[in-house]
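# Residue-level structure breakdown
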Amino acid sequence: MAILVTGGAGFIGSHLIERLLATRADDIVCLDNFNDYYDPRLKRANVSSFEQHPRVRIVEGSLCSRRTLKALFQCHAIDVVVHLGAYAGVRASFATPLIYEKTNAGGTLALLDAATRAGVGRFLLASSSTVYGLGAAVPFEEDQPLGTPSSPYGASKRSAELLSLLYHQVHRLPVVILRLFSVYGPRLRPDLAMTIFAKALTTGRAIKLSAGGIVRRDFTYVDDVCDGLLAALDSDRAIGHAINLGSNHPVSMIEMIGMLESAVHARAIIERRAPALGDLPITCADLTKAESLLGYRPRVGLADGIERFAAWFVSQARLN
């Protein structure tokens, strides 16, 4: 049997594939379109550790292509889908909302349909803390009312959730939804705040900080997220549920910058800006459900995680 990982060349996807190879005997199909949302060479580097592995097949293609999906499920005995592929980024989604709707909602629908026809035994959807939107009670509890999405990205991820729940209800597809909270670590995307801030610190440039740095995020180390994803593959009790994967410890952006300063031994130059379009003032995951259904408990604290991230970032900067 095989596990299909969409977005497998991305930050989280590449870490997950490495963990799957270390912990399971399944074949793995990595689907990624290697688009230019950020430098495709970074994605090529992400898969370098496993691209020649005998149990991995890397397929370059779009999850929006029904022909590609049909061929994947015909050629491989796929029994598990881990759907990480998506257009990400809150601010970028305002500039090109249609591609977010097409990929995150339409692509998910195409994948759900293909997975249902193939009779897969588990479908994990990687969703986002952005689905909670403006007005949701803090900490964010999965089964409490959601707020209004603050960006096209958040709306598209909520659409993907609803489509997944529909296929679970109507077609009995074994769906588990994982809502990820500000994931960080080695290989972090270049468009995300921690990478941008680390680059500014190590090059002596100013950090453009919106809302005075008081926005608070529930930063979650990538290894902890992979722990949650792996647990969701095996927990039958999780089927049909949306489950948070976070740290339950929100930290302000200015505090995070302070930790980065210590990790890279540099002082920040800060330019304060107005609040950014689409930013939620805080994200905070209630982990009661994750602990109950997945046995999930984050192990990597932010200070330790930032040290690991910074060590990777500095090593990459030296290589380049």
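Thresholds, definitions, all that
- Residues numbered from 1 in each chain as written.
- Predicted model: local features only at pLDDT ≥ 70, side-chain atom pairs only at ≥ 80, totals over all residues.
- Heavy atoms only, no water.
- Pairing = 2+ DSSP bridges.
- Helix = DSSP H or I, 4+ residues; strand = E, 2+ residues; numbered from the N terminus.
- Axes fitted to C-alpha atoms, helices over the stretch in contact; angles between N-to-C directions.
- Expected span 1.5 Å × (residues − 1).
- Parallel < 35°, antiparallel > 145°, perpendicular 65-115°, else oblique.
- Left-handed = near helix turned anticlockwise from the far one by under 90°.
- Contact = heavy atoms within 4.5 Å.
- Nonpolar A, V, L, I, M, F, W, Y, C, P; charged D, E, K, R; others polar.
- Buried < 20%, exposed > 50% of the residue type's maximum accessible area, 1.4 Å probe, protein only.
- Phe/Tyr/Trp six-rings, centres within 6.5 Å; stacked < 30°, edge-to-face > 60°.
- Lys NZ or Arg CZ within 6 Å of the ring centre and 35° of its normal.
- Salt bridge = Lys/Arg side-chain N within 4 Å of Asp/Glu carboxyl O.

## Some details on the sheet that holds strand β4 (residues 78–83)
The parallel open sheet is built from seven strands, whose spatial order is β3-β2-β1-β4-β5-β6-β11. Looking at the sheet topology across the chains shown, the edges are occupied by β3 (56–60) and β11 (242–245). Taken pair by pair, the neighbouring strands of this sheet meet at an average axis angle of 20°, ignoring direction. Both strand β1 (residues 2–6) and β4 contribute to a ladder of five bridges, which runs parallel.

## Observations concerning helix α9 (residues 253–264)
Residues lying three or four places apart along an α-helix face the same way, a consequence of the helix completing one turn every 3.6 residues. Taking 1.5 Å per residue as the helical rise, α9 with its twelve residues ought to reach 16 Å, and the 16 Å between its terminal C-alpha atoms agrees with that figure. Taken from the residues just after α9, His265 is the one with a positive phi, measuring 60°.

## Digging into the packing of helix α5 (residues 97–118) against helix α6 (residues 152–171)
Their axes nearest at 9 Å, the elements α5 and α6 cross at an angle of 15°. What the angle tells us is that α5 and α6 run roughly parallel. Like other packed secondary-structure pairs, α5 and α6 cross with a definite hand, here right-handed. In contact with Pro97, Tyr100, Glu101, Asn104, Ala105, Thr108, Leu109, Leu112, Asp113 and Thr116 of α5, α6 contributes Pro152, Tyr153, Ser156, Lys157, Ser159, Ala160, Leu163, Ser164, Tyr167 and His171. A breakdown of the residues in the contact of α5 with α6 according to their chemical character gives ten nonpolar, seven polar and three charged.

## Here we look at the environment of Gly258
Considering the arrangement of structural elements, one finds Gly258 in helix α9. Here Gly258 falls in the partly exposed class, since its relative accessible area comes to 23%. The spatial distance from the C-alpha of Gly258 to the C-alpha of Ala303 is 10.0 Å, given a sequence separation of 45 residues.

## As for the packing of aromatic side chains
Throughout the structure, instances matching the rule amount to twelve aromatic pairs. When the ring of Phe140 is compared with that of Phe181, the centres are 6.2 Å apart and the planes differ by 40°; the resulting orientation is tilted. Here Phe140, found in the loop between β5 (122–128) and α6, pairs with Phe181, found in the loop between β6 (175–180) and β7 (183–184); they are 41 residues apart in sequence, far enough to count as distant. Taken as a pair, Phe140 and Phe181 share a single burial class, namely buried. Consider the rings of Tyr184 and Tyr221, whose centres lie 5.4 Å apart with planes at 75°: the pair is edge-to-face. Residue Tyr184 is found in strand β7, and its partner Tyr221 is found in strand β10 (residues 220–221); the two are separated by 37 residues along the sequence. Of the two residues examined, Tyr184 and Tyr221, each falls in the buried class. Within the aromatic cluster, the residues linked to one another by ring pairs are Tyr37, Tyr38, Tyr87, Tyr100 and Tyr153. For Arg44, the ring lying beneath its charged end belongs to Phe34, and the centroid distance is 3.8 Å.

## A look at the pattern of salt bridges
Side-chain pairs of opposite charge can arise whenever the charged atoms involved come near each other. Scanning the entire structure with this criterion turns up 21 salt bridges. Among the salt bridges present, the one from Asp26 reaches Arg24, with a minimum N-O distance of 3.2 Å. With a closest N to O distance of 2.7 Å, Arg122 and Asp236 form a salt bridge. Placement of Arg122 in strand β5 and of Asp236 in the loop between α8 (222–234) and β11 is noted, with a sequence separation of 114 residues between them. Residue classification places Asp236 among the exposed residues on the basis of a relative accessible area of 59%.

Keep in mind these values describe shape, not function.
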